[in-house]
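Working through the structure, step by step
Each chain is listed here by its residues.
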Amino acid sequence: MLNIVLLGPPGAGKGTQAARLEKQRGMIQLSTGDMLRAAVAAGTPVGRKAKAIMERGELVSDAIVSALIGERLDEAVESGAIFDGFPRTGHQAEALELLLAQRGRKLDHVIELEVDEDELVRRITGRFSCASCGAPYHDDFKLPKVAGVCDICGSTEFKRRPDDNEETVRTRMAEYRAKTQPILPYYDARGLVRRVDGMASVDEVAAAIDAILDG
Ligand SMILES: [Zn+2]
């Protein structure tokens, strides 16, 4: 039973890898955003407290996030956990260590999917899709065989997602750095950080993560 923290900016493929680990290894992804919404919807004691705070427009405290993770860890006793979006501060990292220790568990690895920012911008801003059937294309990697005509359905209408622009990608990268910078030194000092090239193919990234987990 392994417990890992998975780090990576939007577009690094973190969601894909987490979903794969859940399916192939039975691990459970503990994403704080999803967990908060689920706890509020289920009306758990922590969820009711969090709901009242959010309704006042305030930020949910570290103590509540920790309690929420504790609730979910108790449900996920037999399977390993993938922490996503938590911890975000050194204080939260200490809280997580305590939560795991109280349950006779520990954090095994902090896996960071590293990206090259310029390459990430190129990948994301080049994406577009068929407006009719949704087939994915890319300016650099996968243009339709006949210019302006969808390979799959023959439509000549294409669309781009509004967030797939350079400014948004760079803003998200900056947010990611700001959130991970406070915790990486904490985990580096404990020798837990393993870095994986997030720009490799999905299968290569999967193989690199599996090598760490099985190593
Ligand atoms: Zn199409």
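Refer to the structure presented above.
Here we summarise the structure given alongside this text.

Rules of the game
Positions within a chain are numbered from 1, following the residues in the order the chain's sequence is written. Restriction of local features to residues with pLDDT of at least 70 applies here, the model being predicted, together with a cutoff of 80 or more for giving and counting side-chain atom pairs; totals for whole chains, interfaces and linings are based on all residues. Computation of side-chain values: all heavy atoms of the structure, hydrogens and water removed. We treat two strands as partners when DSSP finds at least two bridges between them. Each helix is a run of DSSP H or I of at least 4 residues and each strand a run of E of at least 2, with the numbering of both proceeding from the N terminus. Because no water is among the atoms considered, metal sites can look incomplete, with donors defined as N, O and S atoms within 2.8 Å of the metal, or 3.2 Å for Na, K and Ca. For a four-donor site, all angles between 85 and 135 degrees give tetrahedral; for four or six donors, opposite pairs above 155 degrees with the remaining angles between 65 and 115 give square planar or octahedral; all remaining cases count as irregular. The buried label goes to any residue with under 20% of its type's maximum accessible area, the exposed label to any with over 50%, and the partly exposed label to all in between, with areas taken from a 1.4 Å probe on protein chains only. In protein, a polar contact means a hydrogen-donor-capable atom and an acceptor-capable atom, both N or O and within 3.5 Å, with residues adjacent in sequence counting only if both atoms are side-chain atoms; elsewhere, any N or O pair within 3.5 Å suffices. What makes two residues a contact is simply this: any of their non-hydrogen atoms within 4.5 Å. By salt bridge we mean one thing: a side-chain nitrogen of Lys or Arg within 4 Å of a carboxyl oxygen of Asp or Glu.

**Some thoughts on the sheet that holds strand E7 (residues 158–159)**
Reading across the sheet, the three strands line up as E6-E5-E7 and stay open at both edges, with antiparallel pairing between neighbours. Both edges of this open sheet fall to strand E6 (136–138) and E7, since each of them pairs with a single strand only. Alignment of strand E5 (residues 127–130) against E7, held across two bridges, turns out to be antiparallel. In the sheet register, Ser129 faces E7, and the bridge partner there is Lys159.

**Some points on the coordination of the zinc ion**
The coordination sphere of the zinc ion contains the protein donors Cys130 (SG), Cys133 (SG), Cys150 (SG) and Cys153 (SG), at a distance range of 2.3 Å. For the zinc ion, the four donor atoms in the first shell make angles of 102 to 114 degrees at the metal, a pattern classed as tetrahedral. Along the chain, the residues that donate to the zinc ion are spaced as C-x2-C-x16-C-x2-C. Highlighted residues: Cys133 in the loop between E5 and E6 and Cys153 in the loop between E6 and E7, separated in sequence by 20 residues. Given the relative accessible area of 38%, Cys133 is considered partly exposed. Of the residues examined, Cys153 reaches a relative accessible area of 38% and is grouped as partly exposed.

**What to know about the pairing of E5**
Here E5 runs beside E6; their pairing, made up of three bridges, is antiparallel. Looking across to E6, one finds that Ser129 is bridged to Pro136.

**Quick look at the side chain of Asn3**
With respect to the secondary-structure elements, Asn3 resides in strand E1 (residues 3–7). Asn3 sits in the buried class, given a relative accessible area of 1%. Within the structure, the side chain of Asn3 is placed 3.3 Å from the backbone nitrogen of Ala81, a separation counted as a polar contact. Here the side chain of Asn3 touches Arg105 through a polar contact of 2.9 Å, side chain to side chain. Setting aside its immediate chain neighbours within four residues, Asn3 contacts Gly80, Ala81, Phe83, Leu100, Arg105, Lys106, Leu107, Asp108 and His109.

**What to know about the pattern of salt bridges**
This structure, assessed with the given rule, holds 22 salt bridges. With a shortest N-O distance of 3.2 Å, Arg122 and Glu119 are connected by a salt bridge. Of this pair, Arg122 and Glu119 both sit in helix H6 (residues 117–125), three residues apart, roughly one helical turn. Exposure remark for Glu119: the relative accessible area of 22% places this residue in the partly exposed category. Residue Asp151 pairs with Lys145 through a salt bridge whose shortest N-O separation is 3.7 Å. The exposure class assigned to Asp151 is partly exposed, which follows from its relative accessible area of 31%. Note on Lys145: relative accessible area 74%, which makes it exposed. Put simply, Glu117, Asp118, Glu166, Arg170 and Arg177 are held in one network by salt bridges that share partners.

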